Amino acid sequence: MDIISQTYRIKRPCADCPFRSDGNGIDLMPGRLSQIAHDITQGDGKTFYCHKTLSGERFEELEEEDVGYEPGRKDAACAGALIFQFKHGRLPIEARFGVMQKAIDLKAIEAQFGDVVEPEDVL
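What counts and how
Residues numbered from 1 in each chain as written. Predicted model: local features only at pLDDT ≥ 70, side-chain atom pairs only at ≥ 80, totals over all residues. Heavy atoms only, no water. Helix = DSSP H or I, 4+ residues; strand = E, 2+ residues; numbered from the N terminus. Salt bridge = Lys/Arg side-chain N within 4 Å of Asp/Glu carboxyl O. Buried < 20%, exposed > 50% of the residue type's maximum accessible area, 1.4 Å probe, protein only. Contact = heavy atoms within 4.5 Å.

Q: Can you help me understand unusual backbone geometry in this one?
A: Only a minority of non-glycine residues have a phi that is not negative, and only a minority of peptide bonds are not trans. The phi torsion at Lys102 lies on the positive side, around 65 degrees, for a residue other than glycine. Checked against the element boundaries, Lys102 lands in the loop between helix 4 (93-100) and helix 5 (106-110).

Structure below.
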């Protein structure tokens, strides 16, 4: 399996995805979802990794207060975040390659728009 197919292997938001529109997502600190949503929809976007697959390393940024993250081999993109990004019109560059390689089906993503929070509700 190539890296794009590996990264975008999760096709639906998990039962406790923070981007779920039904309110069943994991509880995040107040404002955290908005911060994540802002971060992943700026510029060319960023891949946001599913909390259930994290296998990489966290490190402290030297010039910022944020904690950085280097994805591990088992990490997969969060389907809820990807759907959210597409709703907002901001797929990350890596995901655009996935669309070109047919590892990501945009019609399948669009079919799940109702399962994910509206961008205007969190941005």
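Next, the rest of the story.
Q: Got a minute to help me understand the pattern of salt bridges in this structure?
A: Any two side chains of opposite charge can pair, on the condition that their charged atoms come close. Taken as a whole and assessed by the stated rule, the structure comprises five salt bridges. For Asp115, the salt bridge is made with Arg12, and the minimal N-O distance between the two is 3.9 Å. In this pair, Asp115 is assigned in the loop between helix 5 and helix 6 (119-122) and Arg12 in the loop between helix 1 (3-7) and helix 2 (32-40), connecting sequence segments 103 residues apart. Asp115 sits in the partly exposed class, given a relative accessible area of 35%.

Q: What should I look at first to understand the side chain of Thr7 in this one?
A: With respect to the helices and strands, Thr7 occurs in helix 1. In contact with Thr7, not counting residues within four places along its chain, are Thr47, Tyr49, Asp75, Ala76, Ala77 and Glu94.

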